[in-house]
Amino acid sequence: MTKLTQLTQATAAKVATLPDAQTVTAVKHWTDSLFSFRVTRPQSLRFRSGEFVMLGLLGDNGKPLLRAYSIASPAWDDELEFYSIKVQDGPLTSRLQHIQPGDEIILRTKPVGTLVHDALLPGKRVWFFATGTGFAPFASLLREPETYENYDEVIITHTCRGLADLEYGRQLIEDLQNDPLIGEMVDGKIRYYPTTTREESPRMGRITDLLKDGTVFRDLGIETISPDADRAMVCGSLDFNKDLKEILEEFGLREGANSEPGEYVVEKAFVD
Ligand SMILES: Cc1cc2nc3c(=O)[nH]c(=O)nc-3n(C[C@H](O)[C@H](O)[C@H](O)COP(=O)(O)OP(=O)(O)OC[C@H]3O[C@@H](n4cnc5c(N)ncnc54)[C@H](O)[C@@H]3O)c2cc1C
Ligand SMILES: NC(=O)c1ccc[n+]([C@@H]2O[C@H](COP(=O)([O-])OP(=O)(O)OC[C@H]3O[C@@H](n4cnc5c(N)ncnc54)[C@H](OP(=O)(O)O)[C@@H]3O)[C@@H](O)[C@H]2O)c1
């Protein structure tokens, strides 16, 4: 292949992806393995808080290298926020972790997902169960007014290995109380239940174990989880999702979907 053909192909690839390019507006590194970033929002993008999109960078072969990402910002926000892992040998995040404001990423405008209010039947209390970057869809839903219109109480549990891994979520929840847009709606409704598994902290252990032995209920002063009052959304590793599904089914909750709302919904935070 001549140099000119190579150049033409590379230019064509770039032009082909341009309609999906968005500009990075902010980046924050939380730990060696976690960061969040904000990008411009395409005018054509409509989504429901809790959904995910495909995003990425142009690969070395000139083709888009895309991965699923939960939108961490709420549907009303002018920009889009994402909360990401850094996998050191991961094809995408080994590079994505180096983005800077002004850089471009590729973002496909076809949002999908099951962690949406439409997939749950009406209830009194909603539980958001997250591990690791599984917090991302709840970062969106916690800033979504519909969450507080639909429920009297919102319980967010977040289990991570260490304290620093909880920081993105902890700060977001702290800031919510003072948010000029939804601070008043949130007032007194959120209960935050963070736990760590590998570093000493005020609350230790996997949320699954703490649910099974009743610690969560004793700590929060709640009798139980019941299909009459409680709804749940779950986002973590495949194992976590499987274990939590079993627990929720034992409490009598049934899984819902966009096409058939139920009492709980589940989404993968990543594929093992
Ligand atoms: C529906 C859905 C939503 C997702 N939303 C997010 C999100 O909001 N934020 C995010 O960081 N990732 C999210 N992911 C994972 C994401 O798609 C990529 O896997 C991740 O960005 C790593 O890409 P990679 O190419 O660097 O490595 P990959 O080749 O994709 O992954 C390599 C390995 O790293 C581990 N891994 C990947 N992602 C994670 C993670 N998030 N947490 C812990 N371990 C992980 C897994 O063991 C995986 O096999 C989501 C995945 C799915 C299916
Ligand atoms: N450098 C670091 O310090 C650091 C920090 C975080 C992550 N990482 C890396 O990032 C990658 C992803 O790690 P991650 O911590 O984000 O994701 P993860 O391995 O899915 O763990 C997140 C949290 O979920 C808990 N968990 C896992 N399976 C569960 C289950 N079936 N039921 C209940 N809880 C469960 C874990 O507890 P357990 O601890 O009991 O498994 C942990 O507290 C790993 O490759 C890791 O090496 C590195």
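The name given to the chain in an unreviewed UniProt entry is ferredoxin--NADP(+) reductase, with Pontibaca salina as the source organism. Regarding the chain, the relevant UniProt record gives this comment under Cofactor (unreviewed entry): "FAD". Under the UniProt heading Sequence similarities (unreviewed entry), the note attached to the chain is "Belongs to the ferredoxin--NADP reductase type 1 family."

Peer 1: Got a minute to help me understand the sheet that holds strand 3 (residues 52-58) in this structure?
Peer 2: The strand order across the open sheet formed by six strands is 4-3-6-1-2-5, and the pairing between neighbours is antiparallel. Two strands lie at the open edges of the sheet, namely strand 4 (64-70) and strand 5 (79-85), each paired on one side alone. With direction set aside, neighbouring strand axes in the sheet form an average angle of 40 degrees. The sheet contact formed by strand 3 and strand 4 spans seven bridges and is antiparallel. Across the sheet, residue Leu55 finds its bridge partner in strand 4, namely Arg67.

Peer 1: Could you clarify how one ought to interpret the confidence of the model for the chain in this entry?
Peer 2: When pLDDT is low, close inspection of the predicted coordinates is not appropriate. Residues with a pLDDT of 70 or more make up 93% of the chain, whose mean pLDDT is 93. Note that residues 1-17 has pLDDT below 50 and, in this model, ten contacts with residues that lie over four places away or in other chains.

Rules used in this analysis
- Residues numbered from 1 in each chain as written.
- Chains lettered and ligands numbered in written order.
- Predicted model: local features only at pLDDT ≥ 70, side-chain atom pairs only at ≥ 80, totals over all residues.
- UniProt positions renumbered as here; feature names shortened; annotations may be inferred.
- Pairing = 2+ DSSP bridges.
- Helix = DSSP H or I, 4+ residues; strand = E, 2+ residues; numbered from the N terminus.
- Axes fitted to C-alpha atoms, helices over the stretch in contact; angles between N-to-C directions.
- pLDDT = per-residue confidence, 0-100.
- Contact = placed C-beta atoms within 7 Å.

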